[in-house]
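Coordinates in review
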Amino acid sequence: NHVAVIARADGVNYIMDATDPLRPFNMLPGECLNGEGWVVTPSGGYWVDITNGEHNYESLTFDMALDDNGTLTGTAVNTYESYDAWAARKVYRLEGLESYTDLMRYYYSNLKVESLELENIDRLEEPVIERIRLTVPDASVINNNTMYLSPVFYNRNETNEFYADNRISPVDLACPSYSKHSYTINVPDGWTVDELPQSV
């Protein structure tokens, strides 16, 4: 059970929770997103959908240069909103920028994070923006005169997160998730692109 406050303004319901200083006023804790909530009124009450449009959102934009040895070097500008922004703020507030950067290096051990900056960390209504300088060594496999490169090297799902021998309840993701990845890769002089992956 959890108690929140509901207010109606301009015909829109806002459900508010003030238990976490790192969340915007109208972003509920994830455990509250369970479908419906009971509004208590002097005359009894009624059910309402519990949502303010919460979501997970990440937009990852990479500008990379490939060298003759198959190494990628460049920058990433990553934007996080809603729960993804909240998670970034929480790690930063609890651990600081240095530990945030170390955590990034741990989770993405295939990357060398040279520097990392965060924007809007204290502006709760704005997205969190990461600016990273990074290197991806051994990003390519070179065979004779052909280089094979997988452009997706960040947040790549390698295994099924929802595997279970016995499913005893539905998978509840609580809210929608949006993810956008954009890669610009400059190939070195003397190389030409033979085949590109399809846009999906």
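For the structure, check the block above.
Please read all numbers here as calculations on a predicted model, not as lab measurements.

If you walk across this open sheet you meet the five strands as S7-S8-S6-S5-S11, and the pairing is mixed. The sheet is open, and its two borders are formed by strand S7 (112–119) and strand S11 (177–186), each paired with just one other strand. Neighbouring strand axes in the sheet, compared pairwise and without regard to direction, differ in orientation by 15° on average. Where strand S6 (residues 72–81) meets strand S8 (residues 128–136), nine bridges bridge the pair, whose relative direction is antiparallel.

For the rest of this paragraph, the subject is unusual backbone geometry. Residues apart from glycine generally show negative phi values, whereas peptide bonds are mostly found in trans. Despite not being glycine, Asp10 has its phi angle at roughly 55°, a positive value. Position of Asp10 relative to the elements: it lies in the loop between strand S1 (5–9) and strand S2 (12–16). Its identity is not glycine, yet Asn144 carries a phi of approximately 55°, on the positive side. By the element assignment, Asn144 lies in the loop between strand S9 (140–143) and strand S10 (146–149).

Once that is clear, we can look at the state of the cysteines. Per the counting criterion, the structure on display carries zero disulfides. With no disulfide of its own, Cys32 has Cys175 as its nearest cysteine by sulfur position, at a separation of 12 Å. Residue classification places Cys32 among the buried residues on the basis of a relative accessible area of 10%.

Rules and cut-offs
Residues numbered from 1 in each chain as written. Predicted model: local features only at pLDDT ≥ 70, side-chain atom pairs only at ≥ 80, totals over all residues. Heavy atoms only, no water. Pairing = 2+ DSSP bridges. Helix = DSSP H or I, 4+ residues; strand = E, 2+ residues; numbered from the N terminus. Axes fitted to C-alpha atoms, helices over the stretch in contact; angles between N-to-C directions. Disulfide = S-S within 2.5 Å. Buried < 20%, exposed > 50% of the residue type's maximum accessible area, 1.4 Å probe, protein only.

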